[in-house]
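Letter by letter, the chains look like this.
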Amino acid sequence: MGNPSIEAAIKLEKKRADRKLRELDAESSDNPVSRLFSRLARDSLIREKERLEKAEEAFKALDLNKLKGCFGFDTFFATDVRRFGDGGIFIGNLRRPIEEVMPKLEKKLLEAAGREVVVWFMEEKKDDVTKQVCLVQPKSEIDLQFESTKLSTPWGYISAIALCVTTFGTIAIVSGFFVKPDATFDDYLADVVPLFGGFLSILGVSEIATRVTANRYGVKLSPSFLVPSNWTGCLGVMNNYESLLPNKKALFDIPAARTASAYLTSLVLAIAAFITDGSFNGGDNALFIRPQFFYNNPLLSFIQFVIGPYADDLGNVLPNAVEGVGVPVDPLAFAGLLGMVVTSLNLLPCGRLEGGRIAQALFGRSTATLLSFATSLLLGIGGLSGSVLCLAWGLFAIFFRGGEEIPAKDEITPLGDDRYAWGAVLFLICLLTLFPNGGGTFSSSFFSAPFFRGEM
């Protein structure tokens with residue numbers, strides 16, 4: 001059974017308008033004011049009916065019998081067809097590579113339908129049997145769907161600018177939390193400007209990589225919206241796809257370009273800090289990071305091991321650390337650390353976060369939906385356990401980035417082993433960064449409460 005079509009909805013609205021017109025025609029009144037209002041209402045209904053007739057012509061359901069003749073042995077051999085919305089699903093199998101079949105089939109369908117159509121090639125699993133299907137829909141319906149969710153509008157750009165300014169402010173404010181207690185304004189500038197600049201470098205490089213990759217596939221992106229936070233300054237960047245994705249490679253490569261470039265930029269910042277200062281402790285311009293920041297997970301506990309723990313096995317504060325203040329860290333190195341944490345949050349396989357998009361490309365829509373549900377559940381459990389970050393990010397992911405992406409036009413061509421390997425690497429880094437590890441990476445009391453975790 002197909003989904004309700006736009007044509008059917010328009011016909012219902014036309015019937016409603018006709019019924020209202022008949023009711024007005026049946027009414028009679030000697031009151032001139034009532035007659036005036038009836039005439040105005042009648043004129044409005046007539047104009048509405050004319051608009052609906054034009055819309056009905058634009059969104060008329062495709063004739064599947066005509067379209068079936070477009071399929072054949074040289075493109076896609078259709079063995080069955082069923083109605084889906086104002087288009088249809090043709091079940092069969094490909095007879096040529098998709099890059100050869102798609103333009104030829106789209107041309108034939110355009111001539112048969114008399115208007116532009118959109119074609120998807122997908123796999124449908126039923127009763128443990130996987131079949132290839134070709135989904136055909138009127139292009140006007142897809143354009144309407146993108147138009148209804150379009151963010152490339154004046155208000156969209158204004159909102160993006162407002163969030164950008166707000167995020168810059170939260171980054172500047174949060175940066176000030178890590179300066180030493182008796183710091184002057186000059187100390188603030190010397191300490192915070194590198195952190196601020198490092199964080200913006202990560203955001204800028206990842207944004208450029210995303211836009212370049214999307215442009216290579218011909219995918220239109222909405223304005224990018226920064227997510228301000230009073231914990232890290234920024235919780236990442238989100239945007240929507242405002243055109244169809246050509247294939248699963250595009251669905252994988254665009255979010256992978258953002259996250260991989262952010263991770264690499266974070267690593268470059270940490271290496272640059274080490275080369276400049278000869279260590280990760282920042283010299284005279286160090287930021288002092290409280291032990292509470294370093295949660296017990298493999299990556300961050302390893303980082304604390306490298307920069308120098310806060311206390312020894314007996315609880316004595318070590319020379320690199322300052323009692324009551326924290327461990328000194330180079331601002332650029334700390335920008336890289338924050339960048340990795342924020343990138344990992346966006347790599348969680350949930351909804352339309354970057355990780356959710358990658359999961360949909362790698363594992364398919366049904367598995368990605370299960371992963372999204374499991375991730376949301378774990379974030380909810382973390383929030384109920386007392387983690388404000390888990391609660392806040394879980395709510396954001398569910399209400400603002402929930403759901404799934406529209407399928408790519410080519411969902412059949414496999415991604416290839418290289419992309420599965422990249423996906424495994426990205427999710428491994430995400431796991432190492434965010435997954436709780438009660439005992440720490442090393443069997444030392446440096447990494448267990450209270451010396452590592454501290455009072456929360």
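Residues numbered from 1 in each chain as written. Predicted model: local features only at pLDDT ≥ 70, side-chain atom pairs only at ≥ 80, totals over all residues. Heavy atoms only, no water.

(A) Fine view of the overall build of the chain. Of regular secondary structure, the chain possesses 14 helices and eight strands. In the chain, 70% of the contacts between residues at least 6 apart in sequence involve partners at least 24 apart. (Helix = DSSP H or I, 4+ residues; strand = E, 2+ residues; numbered from the N terminus. Contact = heavy atoms within 4.5 Å.)

(B) Highlighting the side chain of S372. With respect to the helices and strands, the residue S372 is situated in helix α12 (residues 365–384). According to the relative accessible area criterion, S372 is buried, its value standing at 15%. (Buried < 20%, exposed > 50% of the residue type's maximum accessible area, 1.4 Å probe, protein only.)

(C) Quick look at the nonpolar core. Formed by 32 residues in total, the largest nonpolar core has its most connected members in V219, Y241, L245, F252, I358, W393 and L426. If you list the elements that add at least two residues to this core, you get α8 (248–277), α10 (331–346), α11 (354–363), α13 (388–400) and α14 (417–434). It is α8 that provides the largest number of residues to this core, a total of seven residues. Apart from residues lying up to four places away in sequence, L245 is in contact with V219, A250, L251, I254, A408 and K409. Counting residues in each nonpolar core, the second largest holds 20 residues, with L64, M102, L109 and F121 among its members. (Core = buried A, V, L, I, M, F, W, Y, C linked by side-chain atoms within 4.5 Å.)

(D) Quick peek at the pattern of salt bridges. Per the counting criterion, the structure on display carries twelve salt bridges. With its nearest N and O atoms 2.9 Å apart, the salt bridge here joins R258 to E354. On the criterion of sequence distance, the pair formed by R258 in helix α8 and E354 in helix α11 is long-range, its members being 96 residues apart. Neither R258 nor E354 differs from the other in exposure class; each is buried. Taking the shortest distance from any N to any O, the salt bridge between E404 and R365 comes out at 2.5 Å. Of this pair, E404 sits in the loop between α13 and α14 while R365 sits in helix α12, placing them 39 residues apart in sequence. Overall, the relative accessible area of 25% leaves R365 in the partly exposed class. Shared partners join several salt bridges into a network, and the residues in it are E207, R211, R258, E354, R357 and E405. (Salt bridge = Lys/Arg side-chain N within 4 Å of Asp/Glu carboxyl O.)

(E) Here's a closer look at the confidence of the model for the chain. When pLDDT is averaged across the chain, the result is 80; 78% of the residues are at 70 or more. The spread of mean pLDDT over the elements of the chain runs between helix α9 (residues 298–307), the lowest at 58, and α11, the highest at 94. (pLDDT = per-residue confidence, 0-100.)

(F) Up close: the packing of aromatic side chains. Inspection of every chain in the model, using the stated rule, returns seven aromatic pairs. Look at F71 and F76: their rings are 6.0 Å apart centre to centre, the planes differ by 70 degrees, and that puts the pair in the edge-to-face class. Summarising the burial analysis for this pair, F71 and F76 share the class buried. Between F76 and F121 the ring centres are 5.8 Å apart and the planes differ by 50 degrees, which places this aromatic pair in the tilted class. With F76 in strand β1 (residues 76–84) and F121 in strand β3 (residues 117–126), this pair connects stretches of sequence that are 45 residues apart. This pair shows no difference in class: F76 is buried, exactly as F121 is. Three or more aromatic residues joined by ring pairs form one cluster here, namely F71, F76, F90 and F121. For R357, the ring lying beneath its charged end belongs to Y241, and the centroid distance is 4.1 Å. (Phe/Tyr/Trp six-rings, centres within 6.5 Å; stacked < 30°, edge-to-face > 60°. Lys NZ or Arg CZ within 6 Å of the ring centre and 35° of its normal.)

(G) The sheet that holds strand β2 (residues 87–94), seen in detail. Sheet architecture is open: four strands sit in the order β1-β2-β4-β3, paired in antiparallel fashion. Because the sheet does not close on itself, it has two edges, and the strands there are β1 and β3. With strand direction ignored, the average angle separating the axes of adjacent strands in the sheet is 30 degrees. Each of β1, β2, β3 and β4 (129–138) is contacted by helix α4 (residues 98–113), which is oriented at about 120 degrees to β3, the strand it contacts most. Here helix α5 (residues 139–148) sits on the sheet in contact with β3 and β4, set at roughly 85 degrees to β4. (Pairing = 2+ DSSP bridges. Axes fitted to C-alpha atoms, helices over the stretch in contact; angles between N-to-C directions.)

(H) Layout of α4. Between its first and last C-alpha atoms α4 spans 21 Å; for 16 residues at 1.5 Å apiece the expected length is 22 Å, and the two agree. Here α4 has its buried residues at I98, V101, M102, L105 and L109. Seen end-on, α4 carries its buried residues on one side only, within an arc spanning 95 degrees. Facing away from the buried side of α4, by more than 90 degrees, are the exposed residues E99, K107 and E111. Against the buried residues of α4 lie α3 (64–68), β1, β2, β3 and β4. Of the residues flanking the end of α4, it is G114, one or two places downstream, whose phi is positive at about 80 degrees. (Expected span 1.5 Å × (residues − 1). Arc of directions from axis to C-beta.)

(I) Representation of the pairing of β4 in the model. In the sheet, β2 pairs with β4 via five bridges, with the strands oriented antiparallel. Bridged to I91 within β4 is V133. Of the pairings in the sheet, the one linking β3 to β4 comprises ten bridges and is antiparallel in character. Each residue of the ladder has a partner; that of M122, found in β4, is V133. Following β3, the chain reverses through two residues before pairing antiparallel with β4; D127 in that reversal takes a positive phi of roughly 55 degrees.

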